[in-house]
Amino acid sequence: MAQPLAERMRPRTLDDYIGQRHLVGEGAVLRKMIDTGRISSFIMWGPPGVGKTTLAQIIANKLEIPFYTLSAVTSGVKDVRDVIEKAKSGRFFNNNSPILFIDEIHRFSKSQQDSLLGAVEKGIVTLIGATTENPSFEVIRPLLSRCQLYVLKPLDKDDLLWLLDHAIHHDVELQKKKIILKETSAMLRYSGGDARKLLNILELVADTDEDEIIITDDVVVKQLQQNPLAYDKDGEMHYDIISAFIKSIRGSDPDAALYWMARMIEGGEDPEFIARRLIISATEDIGLANPNALLLANATFDAVMKIGWPEGRIPLAMCAVYLATSPKSNSAYMGIAEALSTVKETGNQPVPLHLRNAPTKLMADLGYSDGYKYAHDYPDHFVKQQFMPDDLQNRRLWHAQHTPSEEKLYQRMLQCWGDRFKE
């Protein structure tokens, strides 16, 4: 049985690799590491189909070192330990540490990630991870601190067009056919910057006994409507669908939210994945406009874990409808983003003396905690005093968005702080 086109066209060298010039172009950071032969552990973060797995394989082939692969979907702690033991025995034959490539590393549990720490720290393996999720949220801090992070970008139009032309004229199967690429807009649109999707679409459209194959936008659309999953053989479409699901909740459309949830369920999506996204949506998009949303989303996650499938679809649907129909506010989300930006901008501002603890006599003599007012000793459990660093005492970070629930919080801040909170 012939390999899929995407596998047949997988680049074997950096010269054939397309995109990511900021990482592998002349003088770029990964190119330098490869040229010097000294690879340190790193994690690649980027959308599906941009060359994460391919790049890891190219590095291993170029340096001629052992290459082990684990999938976070199917591998457990025992599999990790087995690979580490193999890597230890393989070090005798090569000065470079074997490469351990972990696809979808964000799906590894904390215990699985913990099992990697020692081997990475001691140099038993060089870890290369690939993830489509933000590693800051999905990878444990000790492991993240031991790895560089490189962001991969979606392939641009020129990259994708080059890939199409290269496949048509150089693939052993496609070059046997007369393929005329008349229009490409539909192929590019459906691929979404994903090289694997693009090649799957091309293979689907070219799968005919006709002597001459003329590819137009209409032909592509017709083929994909007849074979809606054929161009997504590895299941990456779920990233597009989860995006539509979250945006439907954010846009207060419960019908669309249920539709996209049903698409995920029918597609075999992990219910835990859906439940986690509901918790994120409850905090990012509903927030202080309805704080109960987070409680329900968290309870939904617990319920799904307890009752499993297929009954778990019911609390998921209940939560999705509740979030979609709730008032929306992202003031907390924007507030922490502003706070982080302020910290990066202003550095480590000193804590005012009256806010510091004074557990020793020396600290008390130095004025630590001196002048601090205990809020519960005052009417309404509030008294005005400075809580921000001296250079930032008038800086506002949280801005209310005046939904009915949030308006109550805002009015209390006005009552407490007066002009400081006037918009």
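What counts and how
Residues numbered from 1 in each chain as written. Predicted model: local features only at pLDDT ≥ 70, side-chain atom pairs only at ≥ 80, totals over all residues. Heavy atoms only, no water. Pairing = 2+ DSSP bridges. Helix = DSSP H or I, 4+ residues; strand = E, 2+ residues; numbered from the N terminus. Axes fitted to C-alpha atoms, helices over the stretch in contact; angles between N-to-C directions. Phe/Tyr/Trp six-rings, centres within 6.5 Å; stacked < 30°, edge-to-face > 60°. Lys NZ or Arg CZ within 6 Å of the ring centre and 35° of its normal. Expected span 1.5 Å × (residues − 1). Buried < 20%, exposed > 50% of the residue type's maximum accessible area, 1.4 Å probe, protein only. Contact = heavy atoms within 4.5 Å. pLDDT = per-residue confidence, 0-100. Salt bridge = Lys/Arg side-chain N within 4 Å of Asp/Glu carboxyl O. Parallel < 35°, antiparallel > 145°, perpendicular 65-115°, else oblique. Left-handed = near helix turned anticlockwise from the far one by under 90°.

1. Notes on the sheet that holds strand S5 (residues 148–151)
Then step 1. Pairing in this open sheet of five strands is parallel, and the strands run S2-S3-S4-S1-S5 from one edge to the other. The open sheet terminates on both sides in strands that have one partner only, identified here as strand S2 (67–71) and S5. On average, adjacent strands in this sheet sit at an angle of 20 degrees to one another, irrespective of strand direction.
Then step 2. As defined by bridge partners, strand S1 (residues 42–45) adjoins strand S4 (residues 126–131) across four bridges and the pair is classed as parallel. Paired with Trp-45 across the two strands is Thr-131, which belongs to S4.

2. Describing the packing of aromatic side chains
Then step 1. Within the structure shown, the criterion is met by four aromatic pairs.
Then step 2. Note on Phe-382 and Trp-417: the rings are 5.1 Å apart at their centroids and 80 degrees apart in plane angle, and the pair reads as edge-to-face. In this pair, Phe-382 is assigned in the loop between helix H19 (361–365) and helix H20 (404–417) and Trp-417 in helix H20, connecting sequence segments 35 residues apart.
Then step 3. Of note, Arg-420 hangs over the ring of Trp-417, and the distance from its end group to the ring centre comes to 4.6 Å.

3. So, helix H4 (residues 52–63)
Then step 1. With 12 residues, H4 ought to run about 16 Å at 1.5 Å a step, and its terminal C-alpha atoms sit 17 Å apart, in line with that.
Then step 2. Residues Lys-52, Thr-54, Leu-55, Ala-56, Ile-58, Ile-59, Ala-60 and Leu-63 constitute the buried set of H4.
Then step 3. Packed against the buried residues of H4 are helix H2 (21–24), helix H3 (29–36), S1, S2, strand S3 (99–103) and S4.
Then step 4. Following H4 by one or two positions, Glu-64 has its phi on the positive side, about 55 degrees.

4. Focus on the pairing of S1
Then step 1. Relative to S5, S1 runs parallel, the two being bridged by four bridges. Each bridged residue has a counterpart across the sheet, and for Phe-42 the counterpart in S5 is Gln-148.

5. Remarks on the confidence of the model for the protein
Then step 1. When the pLDDT values of the protein are averaged, the result is 81; 91% of them are 70 or greater.
Then step 2. Between residues 230–236, whose pLDDT stays under 50, and residues either more than four places distant or in other chains, the model counts 18 contacts.

6. Considering the pattern of salt bridges
Then step 1. Counted under the stated rule, the structure contains 10 salt bridges.
Then step 2. With a closest N to O distance of 2.7 Å, Asp-171 and Arg-8 form a salt bridge. Linking Asp-171 in the loop between helix H9 (157–170) and strand S6 (178–181) with Arg-8 in helix H1 (residues 5–8), this pair joins segments that are 163 residues apart in sequence.
Then step 3. Residue Lys-178 pairs with Glu-212 through a salt bridge whose shortest N-O separation is 3.2 Å. Taken together, the residues span a long stretch of sequence, with Lys-178 in strand S6 and Glu-212 in strand S7 (residues 212–215) at a distance of 34 residues.
Then step 4. Through salt bridges with shared partners, a single ionic network connects Arg-8, Asp-171 and Glu-203.

7. Re the packing of helix H14 (residues 254–266) against helix H17 (residues 313–325)
Then step 1. Between H14 and H17, the shortest axis-to-axis distance is 9 Å and the interhelical angle comes to 150 degrees. Regarding the angle of H14 to H17, the classification is roughly antiparallel. Considering how the two elements wind past one another, H14 and H17 form a crossing that is right-handed. Along the contact surface, H14 presents Pro-254, Leu-258, Met-261 and Ile-265, while H17 presents Arg-313, Leu-316, Ala-317, Ala-320, Val-321, Ala-324 and Thr-325.

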